Amino acid sequence: MNQLNTLKILIADDHFLIRQFVTNALMELKIENVQGANDGNEAIDMIQRAKQEGAPYDVVFLDWNMPTILGIEVLSYFRAKPEYADTAFVMLTAESEQQNIMKAIKAGATSYIVKPVSAPDLGKKIFEINEWLKRKRRVSGGMFG
Amino acid sequence: MSCTPILLDDKLASDIKRAVINAIKETFNVPVEAGKVEYGQGAASLGGDMSGTIGIVQEHLDGTLMLCMGFDILSEILPHVLGKNIKITYEIAVDAVAEITNMVFGQVKTELNQRNHKVKLGVPCVVTGNNNFVSHFHRGRYMIVSFYIGEKMFQTYVTLHGDAASG
């Protein structure tokens, strides 16, 4: 059973401000195993390395617009690999239009957060994502696929 | 289906006010008050230490949205997220202005597109320099909205070039 404070989380965002903001919100929930990636390439490396080392990330926050590789491309890359099916990928973006949300969901996003977001709202999302992880790890299938 | 031209009007000013207040309040938990809205024509200059700019692109026009802030404001609000032990460097402040500009434009874009303006996303860039002036040289109209965090003021500037600029 996933306890919130045991979650291992990666925040991939090129803005230090956002990485720190999300980290603070997670710390409020006693989630301390949090790491950051500056761009899409670094995120891919870190996610793969963590898996190879037997300590995969449970949740990956992906900024939509990042240098080198977009967050949505990182998401598509991992959703094409069945071994990452029980990793929650959460898109972080300033875009709140329906077409973008649909694009993220189609690409396999577990959830979608529109910036700016308050720390309490981010906390609520984490609870929802943790429920998704529990379901996903109990049975196959999930929130969006 | 063609898009509706954007006008520099009170509706757009309200969108900007809401977006700026929301971005600062949600991210930094700091209250912001909107000040006066000023409309003008021709060249205009804004002062600040950091200016985030982003392009507004639409079928009928193109334009610019700019957010000008002083380093003193950023030094005041950034510790709310980064903590008091982190020294606020210019690099950190630039990063923050880019992201605030991005969040503001994201919200304004959503509001405009709900009214069929079909605005496209621009790429934000930040101009920096102590007490710099950012001057726009164009013949169209502009709109400046002032904001206050306590006594400290910062401004947003919007100009449009195209069909709707004279609207």
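Thresholds applied
Residues numbered from 1 in each chain as written. Chains lettered and ligands numbered in written order. Predicted model: local features only at pLDDT ≥ 70, side-chain atom pairs only at ≥ 80, totals over all residues. Helix = DSSP H or I, 4+ residues; strand = E, 2+ residues; numbered from the N terminus. Buried ≥ 20, exposed ≤ 12 C-beta atoms within 10 Å, placed from the backbone. Contact = placed C-beta atoms within 7 Å. Nonpolar A, V, L, I, M, F, W, Y, C, P; charged D, E, K, R; others polar. Pairing = 2+ DSSP bridges. Axes fitted to C-alpha atoms, helices over the stretch in contact; angles between N-to-C directions. Expected span 1.5 Å × (residues − 1). Arc of directions from axis to C-beta. pLDDT = per-residue confidence, 0-100. Parallel < 35°, antiparallel > 145°, perpendicular 65-115°, else oblique.

Peer 1: Run through the overall build of chain B, naming residues and quoting values.
Peer 2: The secondary structure content of chain B amounts to four helices and six strands. Scanning chain B from its N terminus toward the C terminus, one meets helices and strands in the order α-β-β-β-α-α-α-β-β-β. In terms of overall dimensions, chain B has C-alpha extents of about 50 × 30 × 25 Å along its principal axes. Looking at chain B as a whole, 40% of its 167 residues qualify as buried. Considering only intrachain contacts with a sequence separation of at least 6, the fraction spanning at least 24 residues in chain B is 73%.

Peer 1: Please set out the interface of chain A and chain B residue by residue, giving values where relevant.
Peer 2: With 15 residues of chain A in contact, the opposing surface of chain B contributes 16 residues. Looking at the side of chain A that touches chain B, its residues break down into seven nonpolar, five polar and three charged.

Peer 1: Requested: an account of the sheet that holds strand S2 (residues 34-37) of chain A, with residues and values cited.
Peer 2: All names here are of chain A. Across the sheet, which stays open at both edges, the five strands sit in the order S2-S1-S3-S4-S5 with parallel pairing between neighbours. Both edges of this open sheet fall to S2 and strand S5 (111-114), since each of them pairs with a single strand only. Pairs of neighbouring strands in the sheet enclose a mean axial angle of 20°, with direction left out of account. Here four bridges tie strand S1 (residues 9-12) to strand S3 (residues 59-63), and the two strands are oriented parallel to one another.

Peer 1: How would you summarise helix H1 (residues 10-28) of chain B if you had to cite specific residues and measurements?
Peer 2: All names here are of chain B. Here H1 is 19 residues long and its end C-alpha atoms lie 26 Å apart, about the 27 Å a rise of 1.5 Å per residue gives. Here H1 has its buried residues at Leu12, Ala13, Asp15, Ile16, Ala19, Val20, Ala23, Ile24, Thr27 and Phe28. The buried side chains of H1 occupy one side of the element, clustering within an arc of 160° when seen end-on. Backbone geometry just downstream of H1 places Asn29 in the positive-phi region, at approximately 55°.

Peer 1: Help me get a handle on the confidence of the model for chain B, residues and values and all.
Peer 2: All names here are of chain B. For chain B, the mean per-residue pLDDT works out to 88, and 96% of the residues sit at or above 70. Element-level pLDDT for chain B is lowest in strand S4 (residues 125-136), with a mean of 78, against a maximum mean of 96 in H1. Our summary of model confidence lists the complex with pTM equal to 0.88 and ipTM equal to 0.83.

Peer 1: Outline the packing of helix H1 (residues 16-28) of chain A against helix H4 (residues 90-114) of chain B, supporting the account with residue identities and numerical values.
Peer 2: How two helices sit against one another is set out by the angle between their axes and by the gap between those axes. Close contact between H1(A) and H4(B) brings their axes to 8 Å; oriented N to C, the two are set at 80°. If you check the angle between H1(A) and H4(B), you find them roughly perpendicular. Listed contacts from H4(B) to Phe16(A), Leu17(A) and Ile18(A) of H1(A) are Ile92(B), Asp95(B), Ala96(B) and Glu99(B). Taken together, the residues of the contact of H1(A) with H4(B) break down into five nonpolar, no polar and two charged.

Peer 1: Mind laying out unusual backbone geometry, listing which residues take part and the relevant values?
Peer 2: Backbone phi values are negative for most residues with the exception of glycine, while trans is the configuration of most peptide bonds. Residue Pro116(A) is reached from Lys115(A) by a cis peptide bond, and omega for that bond is 5°. If you trace the backbone, Pro116(A) turns up in the loop between S5 and helix H5 (119-138). Residue Lys30(A) is not a glycine yet carries a positive backbone phi of 65°. Here Lys30(A) is to be found in the loop between H1 and S2. Owing to 11 C-beta atoms within 10 Å, Lys30(A) belongs among the exposed residues under this scheme. The residue Lys118(B) is not glycine, and still its phi comes out positive at about 50°. Tracing the backbone through its elements, the reader meets Lys118(B) in the loop between H4 and S4.

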